[in-house]
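Residue-level structural notes
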Amino acid sequence: MLSSWVLAAAASAQSLNTIPSEARPKNLILLEERQVRGGKQATGVYGATADPSEPGLWRIKVWEELPDDIKVRTESIRCNPDTPMRITSDGRNLIVLDLNPGGQITPGNRLHHMIWWATCFPEQAGKDPATLGAVARQLGYPGHLQERRQVLPGSRR
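Here goes a summary of the coordinates provided. (Residues numbered from 1 in each chain as written. Predicted model: local features only at pLDDT ≥ 70, side-chain atom pairs only at ≥ 80, totals over all residues. Heavy atoms only, no water.)

**Focus: the overall build of the protein**
Cut-off, in case you're wondering: Helix and strand definitions follow DSSP, with helices as H or I runs of at least four residues and strands as E runs of at least two, each counted in order from the N terminus. Only protein chains enter the calculation, and the probe is 1.4 Å; a residue is then buried if its accessible area is under 20% of its type maximum, exposed if over 50%, and partly exposed in between. We call two residues in contact when some of their heavy atoms are within 4.5 Å. Note on areas: Shrake-Rupley, 1.4 Å probe, and residue coverage restricted to the protein chains presented here.
A tally of regular secondary structure across the protein gives three helices and seven strands. With 157 residues in all, the protein has 40% of them scored as buried. Within the protein, contacts between residues separated by at least 24 positions form 45% of all contacts whose residues are at least 6 apart in sequence. Entry remark: accessible area of the protein is about 9,100 Å², with carbon and sulfur atoms responsible for 52%.

**Focus on the pattern of salt bridges**
Convention followed: In the sections that follow, a salt bridge refers to a side-chain nitrogen of Lys or Arg positioned within 4 Å of a carboxyl oxygen of Asp or Glu.
For the structure shown, the criterion picks out eleven salt bridges. As a salt-bridge pair, R73 and E64 come within 2.1 Å of each other at their nearest N and O atoms. Note that R110 is salt-bridged to D128, the shortest N-O span being 2.6 Å. Residue R110 is located in helix α2 (residues 110-120), and its partner D128 is located in the loop between α2 and α3 (133-138); the two are separated by 18 residues in the primary sequence. One continuous salt-bridge network, built from bridges that share partners, spans R24, E33, K40 and E65.

So, in structure tokens, the structure goes:
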């Protein structure tokens with residue numbers, strides 16, 4: 001569920017024609033920012049909270065910013081060395097991504113790994129995940145797990 005602050009910030013950015021970057025939460029960990037037509041595109045995470053019933057599972061907010069829009073999703077990140085994963089949504093389907101920290105980084109999995117590292121090991125946030133192989137192995141991640149993407153259909157409204 002989105003916090004009232006985020007909803008208010010998003011509504012404010014859209015209704016008052018303010019720059020979305022000015023609505024960013026103060027504790028946002030900015031992972032990517034680039035100039036696109038019309039302004040900036042940015043992705044970051046904030047609001048990480050540990051799941052009290054499952055060690056290594058975190059709930060986070062992912063901030064996606066376009067020049068004229070803001071989207072915030074609540075996601076789950078599992079930091080366990082045996083089953084590292086990101087659970088997200090495309091707005092319609094649930095997407096479960098089994099990750100391989102310390103493994104190969106491609107354009108298709110780079111952001112998933114950036115979000116994972118920022119959540120599980122915030123001191124590594126913003127670093128290129130392709131350079132974190134040795135760190136991953138020191139932390140107990142084998143670097144040879146199979147990456148998978150599962151799309152689970154959501155409810156049709």
